[in-house]
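# Topology and contacts: notes
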Amino acid sequence: MEFKAIGRRKSSVAKVILTPGTGKITVNNVEPKKYFPNDLVIQDMELPLVVTNTRDKFDVKAKATGGGFTGQAGAIRLAIARALELADPAKYDEKDGHVIGGARLSLKPKKLLTSDARVKERKKMNKKGARKSPQFVKR
């Protein structure tokens, strides 16, 4: 059984397929060490698997497009978290409606299911960038 999810971050979009396996991760058909320039980005990308203790239970196949490597890693992280939520759905208590189990219980407090909506601000007219103005000349 496979679980599919999409994640977005900045201008990057990632599609992830989670299948039960040994913990093999591929990003655009390449291993993460060859695709991403540093280990910090890879750790950030694998965080949902570490938090839910499923690092060696699922194989992750990710396809990332657009943006830079940090945006792509963030998109993959969100997609993995969403796929894990599909793989281990939340169970609710009938009486008081509280969540009993599931991956959501460990992912939600770490804010791994929240989409990071911060994007680059657009350049405005008569400005040098988004906010920087040209130097003011009095005379």
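Before reading on, note that the structure itself is shown above.
Residues numbered from 1 in each chain as written. Predicted model: local features only at pLDDT ≥ 70, side-chain atom pairs only at ≥ 80, totals over all residues. Heavy atoms only, no water.

If you check helix α3 (residues 69-87), its first and last C-alpha atoms are 26 Å apart, about what 19 residues at 1.5 Å a residue would give, namely 27 Å. Of all the positions in α3, only G71, Q72, A73, G74, A75, I76, L78, A79, I80, A81, A83 and L84 are classed as buried. (Helix = DSSP H or I, 4+ residues; strand = E, 2+ residues; numbered from the N terminus. Expected span 1.5 Å × (residues − 1). Buried < 20%, exposed > 50% of the residue type's maximum accessible area, 1.4 Å probe, protein only.)

A positive phi angle is found at N29, which is not glycine, with a value near 65°. Along the chain, N29 turns up in the loop between β3 (25-27) and α1 (32-35). Here the phi dihedral of K111 falls at roughly 60°; this positive angle occurs in a residue that is not glycine. Residue placement: K111 occurs in the segment after α4 (104-107).

A few words on the sheet that holds strand β4 (residues 58-65). Backbone hydrogen bonds hold the strands of a sheet together, and the pairing may be parallel or antiparallel. Here 4 strands make up an open sheet; going across it, the order is β1-β2-β4-β3 and the pairing mixed. Taken across any chain shown, the strands that pair with only one partner, and hence form the sheet edges, are β1 (3-9) and β3. Strand after strand, the sheet turns through a mean of 15° between neighbouring axes, direction not considered. In this sheet, strand β2 (residues 12-20) lies alongside β1 in antiparallel orientation, the contact comprising 7 bridges. (Pairing = 2+ DSSP bridges. Axes fitted to C-alpha atoms, helices over the stretch in contact; angles between N-to-C directions.)

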